[in-house]
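# Inside the fold
Here is how the chains run, residue by residue.
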Amino acid sequence: MRHVCSLCKVACLRTLPTFYRLSLRNAVSRTLKLQQPLTRNTSQACNSFCQRSHTCGELRASHIGEPVTLYGWVQYKRFDFMLTLKDAYGITQIVAANTQNCISSVLSKIRSESVIKITGKVQPRQNEQINKEMLTGEIEVLAEDIELISECKDKLPFQPKDHAKVKESLRMQYRYLDIRTSKMQENLRLRSRIAMKMREFLCNHHGFVEVETPTMFKQTPGGSQEFVIPTRHPERFYCLPQSPQQFKQLLMVGGLDRYFQFARCYRDEGTKPDRQPEFTQVDLEMSFVNRENIYSLVEGMIEYSWPSNKTNLTLPFPKMTYADAIAKYGTDKPDTRFDMKLHDVSDIFINSGLSIFDDALKSTEGTVQAIAIRPHTHITNRDLENLQKLAKTRSEHGVIFIQVKDETTWRSPISKYLKDDMKNRLGDLLHMKPGDVILLAAGKYLSTCLLLGHMRIAVADLLETKGVNVRKTRSNAFVWVEDFPLFLPKENGKCESQTVELESAHHPFTAPHPEDAEFIYTKPDKVRSLHYDLVYNGAEIAGGSIRIHDAKLQKYVLDEILKEDSSSLYHLLEALESGAPTHGGIAIGFDRYISMLRGTQSIRDVIAFPKSWEGNDLMSGAPTKLTNEDIKDYHIEIQKKKS
Ligand code: ASP
């Protein structure tokens with residue numbers, strides 16, 4: 001459908017009532033507040049190899065008088081003679097000559113979100129129309145020709161406007177509409193820019209080679225549950241890899257020296273909020289390196305790709321041992337943006353006469369830990385009840401609160417049992433002040449620290465809901481956590497006659513810490529590893545290790561410590577026997593990292609087509625049902641769900 005209007009050539013725009021113009025301007029301004037425009041150069045570059053003369057974000061006063069051809073989506077329409085046209089690069093105001101001409105009659109029929117082509121001339125806006133917030137706000141295009149390219153249906157499930165409140169499930173179901181919003185556009189564009197910078201840093205500056213590794217692989221011992229792929233061979237299955245770990249090590253044995261990949265990884269972890277069954281890692285591996293080399297490389301890459309609108313980074317990132325992270329922050333992902341650290345107060349409570357402390361301290365692994373909250377706002381009894389409820393989901397005894405009213409008055413279920421000496425020592429150690437709230441917990445060391453670590457975050461969240469700026473929201477707190485234990489007691493593992501079943505804290509290919517290496521054959525549970533994690537504002541965004549490059553040690557770890565069948569890894573073991581360099585690497589969880597940089601609610605907001613938290617694709621309905629007929633070549637059978 002094509003309409004040409006000769007009348008527009010003698011435009012009489014100035015007759016349009018100011019009210020119409022301003023109402024359109026306000027609607028556009030609401031959108032612009034949410035939009036981070038692309039630079040003009042990028043916008044111009046997007047005119048190559050396409051039919052438009054300019055993008056919708058490009059025209060300025062310097063274009064006045066020029067004939068232009070624009071393509072885009074009708075964003076807002078005001079009556080039948082004004083509209084804003086949007087594309088990926090911005091918004092341009094379009095005007096038809098007057099209410100009587102035929103362009104107006106075309107416009108009257110075009111719905112928002114339809115795609116149109118406009119040819120016309122750039123002209124200045126009237127003074128009161130100039131919109132400083134809008135990059136194209138000094139001009140408008142006087143339409144001479146309008147072509148409807150694709151009509152939008154009458155009722156969309158939602159209007160893709162940033163200020164519209166739309167349920168996430170609906171956004172996911174109609175993702176193509178959601179992607180039209182400037183928020184999603186910015187998320188995906190930032191993701192692409194950072195990926196590009198990282199590639200540039202690795203390939204152009206540091207000699208890395210990008211290699212794609214298979215996504216159809218075999219089951220890997222240990223680690224997460226994998227997705228299986230049936231095959232035409234009876235009883236044989238592929239598995240989707242949890243990560244390209246084995247391949248990247250094999251590339252090092254192959255002498256590739258420096259590998260990286262934006263790797264798609266798959267883990268069937270069931271329904272977990274804010275996890276994706278398929279996700280992206282910036283995966284890399286290097287030969288002849290130590291931990292420090294990997295740290296410096298990753299720091300350099302993050303700095304190189306750091307968004308220009310964020311506060312500068314301070315390098316190198318600090319380091320913390322796993323033991324310190326647990327002792328001070330009660331977690332291996334310390335959020336170092338705020339204090340409220342854990343204190344070991346066991347000494348104060350020896351022979352306290354209070355069974356909760358005395359019972360805990362009977363055991364060599366027992367401890368009493370405390371954190372002091374300096375709230376700067378009122379913490380209500382209801383808040384304390386809620387915190388206690390949370391604590392009890394993690395530990396039978398929960399936590400003990402002490403509300404410090406003044407030097408001598410402590411409100412707490414235990415206050416009347418505490419001797420003055422204990423009170424004084426606790427007060428001194430925690431530098432208690434009136435108004436403070438103390439949290440105490442007693443029990444086994446690790447679980448008690450983890451409990452208080454969890455409460456520390458819950459308290460910070462609570463205070464932030466009350467307007468206290470606990471986390472200094474602008475700071476970027478990166479920290480390397482290192483010296484993890486090589487093995488941990490297996491979750492749900494058996495503990496028979498003093499032998500605790502062990503699993504790898506990172507993965508079975510991680511090298512022991514050289515200082516502890518001799519204990520691997522005698523006390524494997526005491527051995528630290530060369531595993532490291534990078535933590536950003538309290539979230540683990542990367543993890544890696546220096547690897548075992550000795551086939552015998554690798555086989556021993558698999559067979560004797562982890563009790564896994566090493567024969568399933570014969571290819572790796574054989575490779576390690578064929579001249580293996582020392583090597584190590586890391587993988588950055590790219591979705592989480594971008595989500596944190598953008599400050600999005602969920603990692604789904606930085607993934608173009610994510611799965612729901614239950615692992616479903618709400619747009620296509622995947623996973624969908626198949627019949628026994630569909631899968632007859634695969635030697636598997638669908639069992640009817642028992643009702
Ligand atoms: N493959 C590891 C992971 O996915 C990362 C590494 O060790 O490089 O966590």
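What counts, and where the lines are drawn
Numbers given to residues run from 1 along each chain, matching the order in which its sequence is written. Reporting of local features is limited, given that this is a predicted model, to residues whose pLDDT is at least 70; pairs of side-chain atoms are given and counted only at 80 or more, and all residues count toward the totals for whole chains, interfaces and linings. Side-chain measures were taken over the full set of non-hydrogen atoms in the model, leaving aside hydrogen atoms and water. Helical segments are the DSSP runs of H or I of at least four residues, strand segments are the runs of E of at least two, and each set is numbered from the N terminus. For each residue, the accessible area found with a 1.4 Å probe, counting protein chains only, is set against the maximum for its type, and the residue is called buried under 20%, exposed over 50%, and partly exposed in between. Every residue pair with non-hydrogen atoms within 4.5 Å of one another is taken to be in contact. Here the open area of atoms and residues is found with the Shrake-Rupley method and a 1.4 Å probe, where only the protein chains shown may cover a residue. Positive charges come from Lys and Arg, negative ones from Asp and Glu, while His and the chain ends are left out of the count. The location of each charge is read from NZ of Lys, CZ of Arg, CG of Asp or CD of Glu. The criterion for strand pairing is that DSSP finds at least two bridges linking the strands in question. Axis lines are fitted to C-alpha atoms, over the contacting stretch for helices. Their N-to-C directions set the angle, which ranges from 0 to 180 degrees. Residues are counted as near a molecule or strand when any one of their heavy atoms sits within 4 Å of it. Polar contact is the term for a pair of N or O atoms within 3.5 Å; when the atoms are in protein, one must be able to donate a hydrogen and the other to accept it, and sequence-neighboring residues count only if both atoms are side-chain atoms. Only Asp, Glu, Lys and Arg are considered charged in this grouping, and only Ala, Val, Leu, Ile, Met, Phe, Trp, Tyr, Cys and Pro are considered nonpolar; every other residue, Gly among them, is considered polar. Roughly parallel covers angles under 35 degrees, roughly antiparallel covers those over 145, roughly perpendicular covers 65 to 115, and oblique covers all other angles. Rotating anticlockwise by less than a right angle from the far helix to the near helix defines a left-handed crossing, while the corresponding clockwise rotation defines a right-handed one. Each residue carries a pLDDT value, the predictor's own confidence for that position, ranging from 0 to 100. By definition, a salt bridge exists where a carboxyl oxygen of Asp or Glu is found within 4 Å of a side-chain nitrogen of Lys or Arg. By construction, the arc corresponds to the directions joining the helix axis to the C-beta atoms. Ring pairs shown here join Phe, Tyr and Trp side chains whose ring centres sit within 6.5 Å, with only the six-membered ring taken for Trp; geometry is labelled stacked below 30 degrees between planes, edge-to-face above 60, and tilted in between. Our definition puts a charge over a ring when NZ of Lys or CZ of Arg is within 6 Å of the ring centre and also within 35 degrees of the ring normal.

### As for the overall build of the chain
Within the chain, the regular secondary structure consists of 16 helices and 25 strands. Burial status across the chain gives 49% buried among its 643 residues. The contacts in the chain between residues at least 6 apart in sequence include a share of 69% that link residues at least 24 apart. Surface exposure of the chain reaches about 32,600 Å², of which carbon and sulfur atoms provide 50%. Across the chain, the centroid of the 86 positively charged side chains sits 8 Å from that of the 80 negatively charged ones.

### Focus: the sheet that holds strand 7 (residues 209-210)
Strand order across the open sheet formed by eight strands is 7-10-11-25-24-23-18-12, with mixed pairing between neighbours. The sheet terminates laterally at strand 7 and strand 12 (319-321), the two strands that pair on one side only. Sheet topology note: the strand 18 (residues 478-482)/strand 23 (residues 531-536) ladder contains five bridges and is antiparallel. Pairing of Phe478 across the sheet is with Tyr536, part of strand 23. In the packing of helix 6 (residues 182-206) onto the sheet, contacts are made with strand 7, strand 10 (258-266) and strand 11 (278-287), and the angle to strand 10 comes to roughly 150 degrees.

### Notes on the site of the ligand
Near the ligand, the surroundings consist of 13 residues, among which Gln245, Lys248, His506, His507 and Arg547 are the closest. Between the ligand and the protein, one listed contact pairs a nitrogen atom with a side-chain N or O atom of Ser243 at 3.1 Å. Note that an oxygen atom of the ligand is positioned 3.0 Å from one of the side-chain N or O atoms of Gln281. Among the secondary structure elements, those contributing two or more residues to the shell around the ligand are helix 7 (245-253), strand 24 (539-546) and strand 25 (583-589). Residue contributions to the shell around the ligand peak at three residues, all from strand 25. Residue composition of the shell around the ligand, by class: two nonpolar, eight polar and three charged.

### Some details on the packing of helix 6 against helix 8 (residues 291-304)
Look at helix 6 against helix 8: their axes get within 8 Å of each other, and the N-to-C directions meet at 125 degrees. Here helix 6 is positioned oblique relative to helix 8, judged by the angle of their axes. Helix 8 is crossed by helix 6, and the crossing has right-handed handedness. Touching Lys197, Met198, Glu200, Phe201, Leu202, His205 and His206 of helix 6 are Leu297, Gly300, Met301 and Tyr304, all from helix 8. Taken together, the residues of the contact of helix 6 with helix 8 sort by class into six nonpolar, three polar and two charged.

### Points about the confidence of the model for the chain
Here the chain averages 90 in pLDDT, while 91% of its residues score no lower than 70. Counting contacts from residues 1-17, a segment whose pLDDT is below 50, to residues more than four positions away or on other chains yields 40 contacts. In this model, residues 33-37 is a region of pLDDT below 50 whose contacts with residues beyond four sequence positions or in other chains number eleven contacts.

### A look at the pattern of salt bridges
Using the criterion set out here, one finds 40 salt bridges in the structure. Here the salt bridges do not stand alone but share partners, grouping Arg291, Glu482, Asp483, Glu515, Asp516 and Arg528 into one network.

### Digging into helix 9 (residues 322-329)
Regarding helix 9, the residues found buried are Tyr322, Ala325, Ile326 and Tyr329. Each buried residue of helix 9 sits inside an arc of 105 degrees when the element is viewed along its axis, so together they form one side. Each element contacted by the buried residues of helix 9 is listed here: strand 12, helix 13 (445-465) and strand 18. Following helix 9 by one or two positions, Gly330 adopts a phi angle in the positive range, close to 65 degrees.

### Points about the sheet that holds strand 16 (residues 410-411)
Sheet architecture is open: five strands sit in the order 13-14-17-15-16, paired in antiparallel fashion. Among the strands making up the open sheet, the edge pair consists of strand 13 (343-344) and strand 16. In this structure, strand 15 (residues 400-404) lies alongside strand 17 (residues 437-444), joined through four bridges in antiparallel fashion. Pairing of Gln403 across the sheet is with Val437, part of strand 17.

### Digging into the packing of aromatic side chains
Under the criterion given, the structure shown has 16 aromatic pairs. Centroid distance Phe260 to Phe262: 6.4 Å. Interplanar angle 85 degrees. Geometry classified as edge-to-face. A residue is classified by how much of its surface remains accessible, and Phe262, at 17% relative accessible area, is buried. Taking NZ or CZ as reference, Lys423 lies 5.3 Å from the ring centre of Trp410, over its face. Taking the ring centre of Phe338 as reference, the NZ or CZ of Arg456 above it sits at 3.8 Å.

### Quick look at the environment of Lys328
Summarising the element assignment, Lys328 is placed in helix 9. Exposure remark for Lys328: the relative accessible area of 36% places this residue in the partly exposed category. For the pair Lys328 and Leu452, spaced 124 residues apart in sequence, the C-alpha separation works out to 9.9 Å.

### Topic: the environment of Ile438
If you trace the backbone, Ile438 turns up in strand 17. Each C-alpha atom, one on Ile438 and one on Val399, is 9.8 Å from the other, the two residues being 39 residues apart in sequence. Apart from residues lying up to four places away in sequence, Ile438 is in contact with Ala370, Ile371, Ala372, Ile400, Phe401, Ile402, Val404, Leu430 and Met432.

### Let's talk about helix 7
Taking burial as the measure, the nine residues of helix 7 include eight buried ones, the bulk of the element. Among the residues making up helix 7, those that are buried are Gln245, Gln246, Phe247, Lys248, Gln249, Leu251, Met252 and Val253. At its buried positions, helix 7 is contacted by strand 10, strand 11, helix 15 (570-576) and strand 25. Phi turns positive one or two residues past the end of helix 7, at Gly255, with a value near 80 degrees.

### Some words on the pairing of strand 11
The buried fraction of strand 11 is high, at nine of ten residues. Across nine bridges, strand 10 lies against strand 11 in antiparallel orientation. The residue of strand 11 that forms the bridge with Ala263 is Gln281. Sheet topology places strand 11 next to strand 25; seven bridges connect them, and they run antiparallel. Bridged to Ser287 within strand 25 is His583.

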